[in-house]
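Listed below are the residues making up each chain.
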Amino acid sequence: MQPNFWIWLVFLSLCQAGFTVGEGPGENLPADLRQILDKLLDGKYIEGTIEALEYLRDNSVTKYYADMLRYLHSKESSLHTLQNSFSNYFREIVLQPRQLATDLQQMDTSTFLLSIKYFYSGKIIEVGATAFTTIDFGHIKKQIMQIPGGNRSLFETSWQKCLPLISSSWCLELLIMELRMSSAIYLQPEMIVNMPKDLQEETFKNITIVFKELYDKMTARTQRAIYEWMRQSLQQSYKPPGASGRESWITAENLWFLGRYIVHLPLEEIQKISLNEIRLFINYDNATKQLDSVYDITPATAKAFQERIDASGFDMANTSTVYRLGLLVCFFDNVQELDAGEARSLLHQMIKCNRLKGFQVAVRKLKSQLLELVLKNQTLNETLDSISDTIAGLSFTQLESLSTQAVRSAISVLRTVTGWTKSQMIILVDKFIGDNKQLSLFNISQLGELVLGVSADVFYNTSVDDLTQAVKGTLSDHAAKLSAAQRLAVVTKIVETRDISSVLDLLNGSFLKELPLSSLLKAKNYNITQLDHKGFRRSQALFLYNVVSDEKPVYEIISFGELVKGLTCERIESLDNTMFLTVAELLESNLNLLSSHQLNCLAWKYQQEMPKMMPPLLLATLPIAVLENAAQSVCRPLLFSLGRAELPLIIPDSTKRNEVIRRALQCLNYTLQDEYDVDILGRMICNLSPQIIKTNISLKALTEAFMQFRSCRNLSNDQKIEVRNKIREYYGNPIAWEPELIQDLGPLVALLLKEDLTILAEKCSVLYTPPSHCFKSQCGSEFRSADMSSPFCLPADCHGVRAPSFDHILKLADANAYWSVQELNCMSIQTFVKSVELLGALKSFNMIQLTALKDKAKMAWGPVESWKKYQVVALGRIALALSESEIKELELGSINTITVLSQQTEWTPMQARSILEGFLQDSGLTVDTMKGWDLVGSGTLLCAMNDHEVSSLSAATYSAAAARIGEIACKVEVLQELLKKARNGFGNVDDWCNFILQEVGTIAAGMSKEEIRILNDDLMPYFQPAAIAALPSEVFKEFSPKQLENLGPENAAAVTESQKAALSPEQISSLQAAMDGAGLVEMLTSASPVIDSEFVQLFMVEIASYFGLPIPSCILLPEDQLTDEDHCSNAQRLSIVTI
């Protein structure tokens, strides 16, 4: 907030040179004017300024200038003191939302409302006949809104001040505006409790409209509290028509009025609704829309409504009634009464059930029952286009039974279905294509999301004209979900027939990132407008930046989005002061695109050129000593920046990261006092030490802290223990917890002890979040005590064993890892076939469990040699249990199958070798005829190649796949052979540029000692971290201290302990400098970053600029850079402020 915002400073400055202090201070001042000055002197700066603005609207103060100065002096104040106070207060208040809230709360309501009106007006108010100064309320609003907690301070203060006056139009408008601006995320249940229950009808209607609009943004407890308030208000206003007063307050109109809050109606209340009222409600035109939106309804509530609707005379099987039921149809309870046509109609309505926030197991079961009804008198081929998204639940056998004609006829329906698995897509695409192994543009558009099941080879065989059009439409829509092999096949085909300039113009997003560097190298110039806001790999950006930099200025290049990834340290350091000032703001808005190395370079540039303007986030990339010595004023801006950042990406070294976090927490005295501190801390809450969690989070901060902890993905065991203890301490015994609390805690429920989870097991059925939250890591034995289905007919040794059912596999998610081998062996064939892809996706099964599931697959599908490619794809991790001999019997001719298998990283060398050999044999390929997408799809399986096979690879094919091959980590012998291919494609290592080193990735770890020694120091940051980690220790130690110093923070953090052990003390010191961010520039000790501004300096510069006066160097230069001659004389200062 600019100090010259405050009008009184300007007016008082005008009279500083021309008036002297006389007697009788304040005697001639009007009472209102004196009161304003008193408030300013008492530190009530906002209140005083707002009242001053109001006073100036109707009054002139020119004749009171001298009296105002005398009054200031009589209060033992001065213009200089007041100026400093103003400056300090408004510089700090925008960084202290808690203090802002306190100051606003201390105002009387009328002044507060006046202040808020000015604030939200966004106006720029000019003051004085010559528009001598302005107040930019839009700028002030922007500053407060941008800081963590700023929105909260305004929301909570407005709620406190305006709730008692909610019936007034301005207060109602303010609360509605604050609710919408904050998305009601700060609305707490206790705030709802105090809302008046006798509001005027119009006020009640307007505020509830907003509550319904923001329903999904609120916590479950807040939703429940609003329902209770609405219920009490509606009950209070309800006048029963009869004398008994026993009629239910739930009329048709009240049901409609409740909107989505009807899901909170107790079952006993629903059962009391009069049949006439429920009939009226269902007949409302808006009832269907309302019931379509109750995504969080429970089966019990839905069935209670169905019973009343049925009892009111509606035919529940009638198509018209089914249409009106909205999401109630997801829990339809009279399947046995339906015929095939009615079942089909109900299935069509159940498409919307995917939007439910839970209970998908029950929905799937109902769809399966309805499908059985539909298929009683018709074949699947005949009904395929009329059974809605139930198709996604069809088994492999059912999908295999479909004819090509049936699939083609129903493709318009199939393409819209969500939830297809990869294996199902493969079956359907093969059926759709038939014997014709080519696709047209029309075919691709017909397939929609099913294009994910198209083989890379089929894409390559498609005409280039059709592919060119498809990448602008259907393929572009699904590009991110296509495999890298599929995308590269498309790009390869296009590149073969078009020049690179037109390819760059055509491709975007995920497709453009597959464009090989070797293709880019063929052209020497580009129209930079083609590159506007496209996504690039870093190697692509480095090359393209290099190409266009000769013709375009830095500012223009980095304005084109991701090209900023190609900005090197050398280019940053070469910017002169003027150019750096020009690009600084643009760079600051793109910090998220920069690597930790680039951020570090940029930080040093700021440190050298203009330390006071350094973005706080960059300060964290400098050596920790610089941060320790930074001015105290950097504290809160640093907290705000770190709280929003992904710290591991900015500070890769964990030791330094912990030091930065420690320094940031020091700004909060290592304590979270309330929700404002939690707002400020942001994502850093995930980095709090167990001790701080245990002792330094106040009760007032805990509710918000729990909400933040929910998003922490990598809490340590000690952190989890302390969070669990805090939950127990704050909320008490889980036996008393309401379902809404369980829902709000979400994944944190998984941290509870077994005995607490046992208590909650019964409550899980009412959660809207997946019940697996109740059964992760701690619940191994508890989930088996759930009410499971009766055992199937199984072998004798399964007697008494509770075998997994499909329903429970769906419900338990990750907790399926706790099934014993015996229980998995006793699973029915039907259950396995239905759940194979769910079980195959689980990361936590051990090899014994996987072997049991593999054996179950043999029972279900027959011997391994009879398995189809889609079945192999469906296995997921289960395939890891296959022996080498079993792998050799698999159908492995499709690169799509190999792509899926290569995603598993736990293959033994022999298994990987068997898969690779199986692919080459079944596809009819040899190593030298493999295409780029074959290499990309093979992924880590390439590590199983021998020296002869690697040497047989085509150099062009390697170059096309170089970026993806550079992501895999093989043993060093394979990397050395692959490096020979890199030399063939890109030249000798000593001729490589930064973009080539970045492109080859881990293959650079195959370099010899001699090649390491001759590498240019400036290339060091362009190794990929995985390549650094893969270098053998005996090779790594050949880096010189200067090379190690230039590694950059990310690469330095990737160095392994064994590599460090091989280094000399001097090398270790250089490596540490790189990790600290000190490797690029000598640490400057003469100037520490200070993120603030001096009031007098800004004030004088602004006035001088306005009147066209010369600005002396004494004003422009920092105090510590002035020579004796530079210091301003009083005459110089007065020449600026005197008018």
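Owing to the predicted nature of the structure, the values given are computational and were not obtained by experimental measurement.

Definitions and cut-offs
Residues numbered from 1 in each chain as written. Predicted model: local features only at pLDDT ≥ 70, side-chain atom pairs only at ≥ 80, totals over all residues. Heavy atoms only, no water. Helix = DSSP H or I, 4+ residues; strand = E, 2+ residues; numbered from the N terminus. Contact = heavy atoms within 4.5 Å. Areas by Shrake-Rupley, 256 points an atom, 1.4 Å probe, with all protein chains shown as cover. Salt bridge = Lys/Arg side-chain N within 4 Å of Asp/Glu carboxyl O. Buried < 20%, exposed > 50% of the residue type's maximum accessible area, 1.4 Å probe, protein only. Core = buried A, V, L, I, M, F, W, Y, C linked by side-chain atoms within 4.5 Å. Axes fitted to C-alpha atoms, helices over the stretch in contact; angles between N-to-C directions. Parallel < 35°, antiparallel > 145°, perpendicular 65-115°, else oblique. Left-handed = near helix turned anticlockwise from the far one by under 90°. Nonpolar A, V, L, I, M, F, W, Y, C, P; charged D, E, K, R; others polar. Disulfide = S-S within 2.5 Å. Patch = residues over 30% accessible without salt bridge, like charges linked within 9 Å, V, L, I, M, F, W, Y side chains within 5 Å. Lys, Arg positive; Asp, Glu negative; His and termini not counted. Charge placed at Lys NZ, Arg CZ, Asp CG, Glu CD. pLDDT = per-residue confidence, 0-100. Polar contact = N/O pair within 3.5 Å; in protein donor to acceptor, adjacent residues only side chain to side chain. Phe/Tyr/Trp six-rings, centres within 6.5 Å; stacked < 30°, edge-to-face > 60°. Lys NZ or Arg CZ within 6 Å of the ring centre and 35° of its normal.

Considering the overall build of the protein chain
1) Next: When helices and strands are counted, the protein chain shows 73 helices and two strands.
2) Next: Residue pairs at least 24 apart in sequence account for 71% of intrachain contacts in the protein chain once pairs closer than 6 positions are excluded.
3) Next: Per element, the accessible surface of the protein chain, about 48300 Å² overall, is 49% carbon and sulfur.

Concerning the pattern of salt bridges
1) Next: Following the criterion strictly, the structure yields 45 salt bridges and no others.
2) Next: Linking Arg224 and Glu228 is a salt bridge whose minimum nitrogen-to-oxygen distance equals 3.4 Å. Linking Arg224 with Glu228, this pair stays in helix H13 (residues 220-237), spanning four residues, or about one helical turn.
3) Next: Take Arg224: its relative accessible area is 25%, and that puts it in the partly exposed class.
4) Next: Looking at Glu228, the relative accessible area reads 23%, which means it is partly exposed.

A look at unusual backbone geometry
Phi is mostly negative for residues that are not glycine, and the peptide bonds are mostly trans.
1) Next: The phi dihedral of Asn669 is positive, around 55°, even though this residue is not glycine.
2) Next: In this fold, Asn669 is placed in the loop between helix H44 (654-666) and helix H45 (675-681).
3) Next: According to the relative accessible area criterion, Asn669 is exposed, its value standing at 60%.
4) Next: Not every positive phi belongs to a glycine, and Tyr670 is a case in point at roughly 60°.
5) Next: One can find Tyr670 in the loop between H44 and H45.
6) Next: On the basis of relative accessible area, Tyr670 is assigned to the partly exposed category, the value being 30%.

Some thoughts on the environment of Asp285
1) Next: As for its position among the elements, Asp285 is in the loop between helix H16 (275-283) and helix H17 (287-291).
2) Next: For Asp285, a relative accessible area of 70% puts it in the exposed group.

Remarks on the nonpolar core
1) Next: Core analysis: the biggest nonpolar cluster contains 368 residues, and Trp159, Leu187, Phe211, Leu475 and Phe1023 have the highest contact counts within it.
2) Next: A total of eight residues in this core trace back to one element, the largest contributor, which is helix H31 (residues 484-497).
3) Next: The residues contacting Phe211, other than those within four sequence positions of it, are Trp159, Leu179, Leu187, Ile192, Met195, Met218, Ile226, Trp229 and Tyr261.

As for the packing of helix H20 (residues 340-349) against helix H21 (residues 360-374)
1) Next: Two elements in contact, H20 and H21, have axes separated by 8 Å at closest approach and are oriented at 140°. With respect to H21, the element H20 is oriented oblique. Judged by the twist between their axes, the crossing of H20 over H21 is left-handed. Each of Ala340, Ala343, Arg344, Leu346 and Leu347 in H20 lies in contact with H21, whose residues at this interface are Lys367, Leu370, Leu371, Leu373 and Val374.
2) Next: Classifying every residue of the contact of H20 with H21 gives eight nonpolar, no polar and two charged.

Quick notes on the state of the cysteines
Two cysteines, two sulfur atoms, one covalent bond between them: this is a disulfide.
1) Next: With the rule as written, the count across this model stands at seven disulfides.
2) Next: Across the disulfide from Cys569 sits Cys601; the S-S distance is 1.4 Å. Between Cys569 and Cys601 the sulfur-sulfur dihedral comes to about 55°; the bridge is accordingly right-handed. Taken as a pair, Cys569 in helix H37 (residues 569-574) and Cys601 in helix H39 (residues 596-609) lie far apart in primary sequence, 32 residues in all.
3) Next: Residue Cys569 is classed as buried on the basis of its relative accessible area, which comes to 3%.

Quick word on a negative patch on the surface
1) Next: There is a patch of like negative charges on the surface, built from Glu307, Asp310, Asp315, Asp333 and Glu337.
2) Next: Secondary-structure assignment places Asp333 in the loop between helix H19 (319-324) and H20.
3) Next: Given the relative accessible area of 42%, Asp333 is considered partly exposed.

Regarding the environment of Ala815
1) Next: By secondary structure assignment, the location of Ala815 is in the loop between helix H51 (806-812) and helix H52 (821-825).
2) Next: On the basis of relative accessible area, Ala815 is assigned to the buried category, the value being 0%.

Structural notes on the confidence of the model for the protein chain
1) Next: On average, residues of the protein chain carry a pLDDT of 86, and 88% of them reach 70 or more.
2) Next: Note on residues 127-133: pLDDT under 50 across the span, and 17 contacts to partners over four residues away in sequence or across chains.

A look at H20
1) Next: Within H20, burial applies to Ala343, Ser345, Leu346, Leu347 and Gln349.
2) Next: The inward-facing, buried residues of H20 contact H19 and H21.
3) Next: The N-terminus of H20 is capped by Asp339, whose side-chain oxygen sits 3.1 Å from the backbone nitrogen of Gly341.

Remarks on the side chain of Asp296
1) Next: Tracing the chain through its elements places Asp296 in the loop between H17 and helix H18 (299-311).
2) Next: Buried charge Asp296 goes without a salt bridge, the closest partner of opposite sign being Arg260 at 4.1 Å.
3) Next: Reaching out from Asp296, the side chain makes a polar contact with the side chain of Tyr215 at a distance of 2.4 Å.

Some remarks on the environment of Lys289
1) Next: With respect to the helices and strands, the residue Lys289 is situated in helix H17.
2) Next: Sequence separation between Lys289 and Arg324 is 35 residues; the distance between their C-alpha atoms is 8.4 Å.

Some details on the side chain of Lys431
1) Next: Assignment of secondary structure puts Lys431 in helix H26 (residues 422-433).
2) Next: Excluding residues within four positions of it along the chain, Lys431 makes contact with Leu399, Glu400, Leu402, Thr404 and Val407.

A closer look at the packing of aromatic side chains
1) Next: Taken as a whole and judged by the stated rule, the model has 24 aromatic pairs.
2) Next: Considering the side-chain rings of Phe706 and Tyr731, the 5.6 Å spacing of their centres and the 40° angle between planes classify their relative orientation as tilted. In this pair, Phe706 is assigned in helix H47 (residues 699-709) and Tyr731 in helix H48 (residues 717-731), connecting sequence segments 25 residues apart.
3) Next: Look at Tyr731 and you get buried, because its relative accessible area is 18%.
4) Next: Three or more aromatic residues link up through ring pairs in this structure, and these residues are Phe396, Phe832, Trp861, Trp867 and Tyr870.
5) Next: Here the basic side chain of Lys117 rests over the ring of Trp170, its NZ or CZ set 5.3 Å away from the ring centre.
6) Next: Here Lys212 stacks its cationic end above the ring of Phe257, 4.4 Å away from the centre of that ring.

Remarks on the packing of helix H61 (residues 955-965) against helix H62 (residues 972-986)
1) Next: The contact between H61 and H62 brings their axes to 9 Å, and the two run at 110°. As far as their axial angle goes, H62 and H61 are roughly perpendicular. Of the two possible hands of crossing, H61 and H62 adopt the one that is left-handed. Listed contacts from H62 to Ala955, Tyr958, Ser959, Ala962 and Ile965 of H61 are Leu978, Lys981, Ala982, Asn984, Gly985 and Phe986.
2) Next: Taken together, the residues that form the contact of H61 with H62 break down as seven nonpolar, three polar and one charged.

As for H61
1) Next: All of the buried residues along H61 are Thr957, Tyr958, Ser959, Ala961, Ala962, Ala963 and Ile965.
2) Next: Buried residues along H61 sit against H31, helix H34 (517-520), helix H59 (932-938), H62 and helix H63 (994-1000).
3) Next: The backbone nitrogen of Ala956 lies 3.2 Å from a side-chain oxygen of the residue at the head of H61, namely Ser954.

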